[in-house]
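# A look at the structure
The lines below spell out each chain.
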Amino acid sequence: MMLLETTKLTRAYGGVVAVSQVDFQVREGLITGLIGPNGAGKTTLFNNMTGLDTPTSGKVYFKGADITNRSAHKICRMGIARTFQNIRLFKELSVLENVMVGLHFKTGKSSTTGRVMAAFLSYLKVVDEYELMNESAIKWLEFFQLESLKDELAKNLPYGHQRELEIARALATDPTILFLDEPAAGMNPSETDSLMKTIRRIRDLGITVVLIEHDMKLVMNICDTITVLNYGQNIAQGTPAEIRHNPKVVEAYLGKEET
Amino acid sequence: MFNFILLILIYTAIFALMAIGQNLITGYVGLLSLTQAGFFAIGSYVTAILSVTYGWNFWLTVPMAALISSFFGLLIGLPTLRLKGDYLAIATLGFGEIVRNILNNWDSLTNGPMGIQRIPMISLFGIQISPYKKWGFLVLVWIFVLVAYFLFDRLAKSRLGRALEAIREDEIAASSMGINVTRYKVWAFILGAAVAGVAGSLQAEFILSVTPGAFTFMVSIMVLCMVVLGGMGNFKAVILGAFIIQFISYFPQLVGLSNVIPPQFKQILFGLILVVMMIWRPQGILGREKRSAPRRLFRSGGDV
Amino acid sequence: MSKLLDIDSISVSYGSIKALREVSLHVNEGEIVCLIGANGAGKSTLLKAIVALEPITHGSIAYQGQMIAQIDENGAKKKFGVPIRRSKGLSSNLRTDEIAGRGVALVPEGRRVFADMTVEENLDMGAFLVRDDELIARKKEEMYDFFPILGARRKQKTRSLSGGEQQMLAIARALMSSPRLLLLDEPGLGLAPLIIQDIFEKIHIINREDKVTVFLVEQNASIALKASNRGYVMENGVIVLSDFSTNLLENEKVRAAYLGDS
Amino acid sequence: MKKVLIATLLILVVSIIPIFAQGASESSVKLGFIGPMTGDYGNYGNLISKGALLAIEQKNAKGGIAGKIQIELIVEDSEGDPQKGLAGIEKLASSDKIVALIGPVFTGVAFAVGERVQNEGIMMVTPSGTHKDITDIGNYVFRTVASDGLQGDVSGHYFYEKLGIRKLGVLYVKNDYSQGLYEGTKASFESRGGVVTIAETAQIGDKDFKTQLTKIRASNPDAIYIPNYTAEMAQILEQATQLGIKIPFLSSDGFSNPEIYDLAGDYTDGVIYVGPTQVKESSDYKKFVADYTAKWGFAPDSFATNAFDAANILFETLEKVYAKNGKFDRKAIRDTFAATKDFPGVTGTVNFAENGDLVAYQGVYKVEGKTPKYIGTYTVVDGELIEIK
Amino acid sequence: MGSIAEFFQHLMNGLTLGGIYALIALGYTMVYGILKFINFAHGDILMVGSYIGLFTFDAIRGQTMGPWTVIAFFIAMLAGMLFSAGLGMAIERIAYKPLRRATRLAPLLSAIGVSFILSNMAAWMWGTKSRKLDYPFDNSPIYLKGVSITPHQILILAVVIVMMVALKLFVDRSRIGKAMRATSLDQDTAKLMGIKADKIIAITFAIGSALAATAGFLIALEIKVYPSMGTMTGLKAFVAAVVGGIGNISGAMLGGILLGLLETFGVALLGIPYGLRDTIAFVALIIILLVKPEGLLGKAEKEKV
């Protein structure tokens, strides 16, 4: 059984079909790449799997359960975390706090009401909670060697670190599966290299990684399996080697070779 | 003279309570709500009606005022939270006006435009805390403010407060972190409403009468100004904001020039402050509070 | 051939992020020059900087031999020792509309046609600076001839147009002002290959017959390089390669940049 | 940031200093006034305060109290809000140390302020707070305006008995003044056997009454009673004419403000209203109107006239108290004021009832063109309408 | 009096009221369309325009009523419009332009500040007294089968229709009008066309403010002129603009007329107490925002992730 899969997932905005009848599979423990030219529907597919968008038709299954119309926070709580193409950090919060937000629903009482009451009534608990969260948040920051920046506001971080922080925040939700939307965008080659290592380390933690990426070097190097989208359709699937020599993929990227 | 300053300080406290609620809604969650006047009115009338018509003790009416206001907070919160920015502002402003209209027209309950007079004074352990003895009342209202400040500040420093800030910064990212955005927003509304309701109770007890005319949307705007002027997302700052705005309101009287300065002066000054602040210091006088780790209340040698 | 556009080591930052780092390039009169690179490399930012939609933090841009944007060594201008927050750079820098007035037309990424306006109104907007009604009418007819599909839909709201049609409209709209320099940002984005080919053919005609200099940004390297005389390759806000397009097409590095071959 | 804080504090400190600089000197005595000076009803406060101011200027011109003590009026803006009104009285009492208060103008504020003056032991006299319960607050609360209890009584009886109206339509504004008059009039009108066919309401500040008027017309009353403020009444009359309503209009003391003739033009013709009595063609009254108009550039309304009388009664009180005690004792002022007997005011002879109410009669007027013609003076005793000759 | 006549009387009253709301809503909607914020001071610009119109009219009308009075009336209206247009531009330049890139809260609060300043300056300079603007014509009603229609009602409806048609033509056909639409749709792209966006925004403010002054001057005939005349009317007009679909000229018209009819018929036929009339507007607002937040004629926008 696949950890996560979509069946005939379609998302249309008015007349424009962004994702069309896509079957997409994520196998547990692997790094899955999702590539395709700009506008191919990759991010739309991500959004439909993480509850930020609802498909026009088709289904999304996670560990065999249908999660098609679930709201984003519920999907997150089931163990699906994600980052965003155009970094969505909580800019006015500190680095540490960003990660703590990721730890939010893992700590203390599970219902919102309970949490409000707890905060109101039990002052000691607030501190206990804070210390508990602080500890695990620092652990995640150390994972990215960001702990020295923990009190900086997120908006003041250099770009590369912002990307990393976003991943750290997602990891703090303790996911089974992590979606990364263009994690290397805007990074220089050395940053990309370290990102590659980081992604491998994340996999080694037992977390399944799915990533959208344009940087082919990164994709080809670390992905175990790659799915290619073009015009909202799944045009190819396979190992990096297979994908690299798939004529449909070459055409999609470089344009049709005229003969 | 001191009596007059005491009176301003009492008003400051009543508005500071509302500003604390507004700060949670606007400063933390980033919702532009203009409905504090409505909750303020509800709180006032709950205390007035319960104590005059049904002979309740003030101390019983306060939790009722908080409860009923928060119920309306929930009621207005649920549908309007889908709205963004200016739309939310207008819808909530509309809600405040609806409350006032209903109070003015529901004669059998609220005595319509006549309002309710002769509200019994507060008594605590047999001691009467009357609005005529300003020191006593002042201490009472500021105790309320301190308690509210303490509770809300604590709340804001808990991870709930962090979640609220996350919602303000980026709703989509927050929901992707497992935060139930809608429910938290509603909670912010409920808490903001509750504290405004308590402010209403105190107002009723200080004025000893309630009339619908005192709860126009100007009250909401004043409260919002206090939050903006002091600094959003900073509970100390909004209390300072309440203080400054109240002092501006009574500036001509304070300087003893109410016969010389045209009565419109304070309103014009008020408008000018808004415009100038927005252009030069939109973050308010104190700005957003730098968040720090919550401190333990009782630790050997530690202070509170 | 004279340099129509001369960009000298410009930088652009978004907050703490450096989108462009001291980029220099030039476009000669009459050329088609392309800038290729991966998504997020900074290509669109460069085009926006040329038309002053993004303020530059370093360097200068000259058009027709005249400075249209320039930053001195001190960077931001100060007043009474306090940086002015309104605009960085010197006040002599031209505004977007002034640059448009000098004959630079940008076809923005994602078309950005005025969705609530009809095709004809969009073209009218393109000719906003043209005061001669007859000329506008003539230009419009030319555009309808050139892009017959637009002629057929001239009274339709543009939101009902397909992506390819919108792209054509965006190009036609830019051409209405009879520009000397046409900047195109990802004209092939999200379009079917046949339509992309059609659009690039049109670009060619515009260049050849109307003597419009073209500078285009494209991530579809193959088609962009085939359509252009010269090309630049950008990576992470830096120009890493520049050569004649025919040479770049053969360059292994280009293939590597796109498909991760190494 | 610190600078901003310091600057703010400095401003506050500087602003407070003059308060302490104010010393109470024996060469002057201060009276307070509270009324709406800004906002929708700013005009009322303006008009009424000018009545008191005129009295003070005239008195000061004659040397003031005992020929040497000048009188000062401190005007505080209530914005029509009890909270602001309370701040006003607090400041007047503690900082200005006023000896008596004229006002507040509106009933809502009068209730809040009344409780406070009663407690502080400062007498207040409202020239315009008509709600019948105001004077019940305590023995320090007086008024120089008829309570709407009386006005409503006279109105209801007069409409039924003298005008022969059996079916009455009403359009009143949802505020304390207007609703109070409506309720009083309705009670007495119905006690005689009349029927209120329809009672439509409006909001303060409304400008469009066509909907209500159309409904009232449909209920087919003999007359329409509009106990309102001038601005609203002007609207109502004008719009009624536009709707072609020919039913006679009846009104209240709000109609005594001559502003109505500016605002409503010819539409006032034929309106009958119950308002304050005026000593017919009294020379004092004419002089007052002339002085007031010459001084301020606009004519006084009946409330301004009441304020003028209130001020003058206060002067007489102050003279007596000063002559007796050599100082202005608040309690003595209250007692002396209450004992006022047959004061010759411009509104007629003034006496106060036990509870502080004005012992008053109601005048009935009929407007011809733009001029109110006095018809008679009435009062109600034991449910019977009595004409005072 | 038959109930049919009563119905038509209410209809006529509602239409007039709605026409006024529509006229004010037009200005709101134009400003919102281009800058995406509520110009809270719109109602106060209306008030200032009415005062200027009133002063002009009183100064030039002469003693006797005649054809000149009508001409003087329109000259005064024009004076009010011009003054308001200038005022609107000045306000935009001083209080809103520096806030273009600020948070959404900033311009809204700045606008509230401006509203305070304007209404209180007016009260200070011109007094709190209501002033009457005399009809430049005989306003005796015309009766049509028991329904009375006044020349003023006809004037209002005529001006509203003329203004709306003129505005629609201007925005749809003229060069500047199209530039306004382009700027409101996409400011950056508009600049690429050589449009001076700042200038267009200033012009939009000028036109919106002039429309407000027109509305103010027309209603001044009926409701008098006083410093706070714009506040509630302005708010309700905003509600009308939102109901119709903000940023949309036809929407503002539709919303205004609908609100006018709703208020009139809500009270007259549905038996809602008149005191709750304002409630009708705000309830309508909340309902429309929940059911169709983009308004009746507006188009939905979706946030991009």
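Residues numbered from 1 in each chain as written. Chains lettered and ligands numbered in written order. Predicted model: local features only at pLDDT ≥ 70, side-chain atom pairs only at ≥ 80, totals over all residues. Heavy atoms only, no water.

This brings us to the packing of helix H9 (residues 231-244) of chain E against helix H10 (residues 249-268) of chain E. All names here are of chain E. At a minimum axis separation of 7 Å, H9 and H10 run at an interaxial angle of 120 degrees. It follows from the interaxial angle that H9 and H10 lie oblique. Judged by the twist between their axes, the crossing of H9 over H10 is right-handed. Two secondary-structure elements touch here, H9 through Lys236, Val239, Ala240, Val243 and Gly244 and H10 through Gly251, Gly255, Gly256, Leu259 and Glu263. Among the residues making up the contact of H9 with H10, the classes are represented as 4 nonpolar, 4 polar and 2 charged. (Axes fitted to C-alpha atoms, helices over the stretch in contact; angles between N-to-C directions. Helix = DSSP H or I, 4+ residues; strand = E, 2+ residues; numbered from the N terminus. Parallel < 35°, antiparallel > 145°, perpendicular 65-115°, else oblique. Left-handed = near helix turned anticlockwise from the far one by under 90°. Contact = heavy atoms within 4.5 Å. Nonpolar A, V, L, I, M, F, W, Y, C, P; charged D, E, K, R; others polar.)

What follows is about the side chain of Thr29 of chain E. Residue and element names in this part refer to chain E. When you line up the elements, Thr29 lands in helix H1 (residues 3-35). With relative accessibility at 2%, the residue Thr29 sits in the buried group. Contact partners of Thr29, with chain neighbours within four places excluded, come to Ala241, Gly245, Ile246, Gly247, Asn248, Ile249 and Ala252. (Buried < 20%, exposed > 50% of the residue type's maximum accessible area, 1.4 Å probe, protein only.)

Glancing now at the domain arrangement of chain D. Residue and element names in this part refer to chain D. When its domains are assigned, chain D resolves into domain 1 (28-146 + 280-350) and domain 2 (149-275 + 362-388). The centre of domain 1, based on its C-alpha atoms, is set 28 Å off from the matching centre of domain 2. Summing the contributions of domain 1 and of domain 2, the shared interface buries around 1,300 Å²; its carbon and sulfur component is 57%. When the buried surface of domain 1 facing domain 2 is broken down by residue, Tyr41, Tyr44 and Ala146 rank first, second and third, together holding 32% of it. (Domains from an automatic or database assignment. Buried area = accessible area lost by both parts, 1.4 Å probe.)

Glancing now at the environment of Gly345 of chain D. All names here are of chain D. Topologically, Gly345 is positioned in strand S11 (residues 343-345). When its relative accessible area of 11% is taken as the criterion, Gly345 is described as buried. Separated by 40 residues in sequence, Gly345 and Thr305 have C-alpha atoms that sit 9.2 Å apart.

All names here are of chain D. In this structure, strand S13 (residues 362-368) lies alongside strand S14 (residues 371-381), joined through 7 bridges in antiparallel fashion. From the neighbouring strand, Lys366 faces S14, where its bridge partner is Lys373. Between S13 and S14, which follow one another and run antiparallel, lie 2 residues, and Gly369 among them has a positive phi close to 65 degrees. Pairing analysis gives 5 bridges linking S14 to strand S15 (residues 384-388), with the strands arranged antiparallel. The partner of Thr379 across the bridge, within S15, is Ile386. (Pairing = 2+ DSSP bridges.)

With that settled, the discussion passes to the interface of chain B and chain A. Across the contact, 36 residues belong to chain B and 41 residues belong to chain A. Where chain B abuts chain A, roughly 3,700 Å² becomes buried across the two surfaces, and 67% of that area is made up of carbon and sulfur atoms. In this assembly, chain B and chain A are joined by 1 salt bridge. Taking the shortest distance from any N to any O, the salt bridge between Arg88 of chain A and Asp170 of chain B comes out at 2.6 Å. (Salt bridge = Lys/Arg side-chain N within 4 Å of Asp/Glu carboxyl O.)

Attention now moves to the confidence of the model for chain D. Residues and elements named next belong to chain D. Looking at chain D as a whole, the pLDDT averages 86, with 92% of positions reaching at least 70. Counted against residues more than four places away or in other chains, residues 21-25, with its pLDDT under 50, gives 4 contacts. On the interface metric, ipTM, the complex scores 0.83, and its pTM is 0.85. (pLDDT = per-residue confidence, 0-100.)

Taking 1.5 Å per residue as the helical rise, helix H8 (residues 197-223) of chain E with its 27 residues ought to reach 39 Å, and the 37 Å between its terminal C-alpha atoms agrees with that figure. A large share of H8 of chain E lies buried, amounting to 24 of its 27 residues. (Expected span 1.5 Å × (residues − 1).)

On to the packing of aromatic side chains. The tally for this structure, following the rule as stated, stands at 52 aromatic pairs over all chains. Taking the centre distance of 4.9 Å and the plane angle of 65 degrees together, the rings of Phe142 of chain D and Phe337 of chain D count as edge-to-face. On the criterion of sequence distance, the pair formed by Phe142 of chain D in strand S5 (residues 141-143) and Phe337 of chain D in helix H12 (residues 330-338) is long-range, its members being 195 residues apart. Here the two residues Phe142 of chain D and Phe337 of chain D agree in accessibility, since each one is buried. Cluster of aromatic residues (ring-pair linked, three or more members): Phe4, Tyr11, Phe137, Phe206 and Tyr250 of chain B. When the ring centre of Phe114 of chain C is taken as origin, the NZ or CZ atom of Arg173 of chain C, which lies over that ring, is 5.0 Å away. Between Arg116 of chain D and the ring centre of Phe206 of chain B, over which it is positioned, the NZ or CZ distance is 5.0 Å. (Phe/Tyr/Trp six-rings, centres within 6.5 Å; stacked < 30°, edge-to-face > 60°. Lys NZ or Arg CZ within 6 Å of the ring centre and 35° of its normal.)

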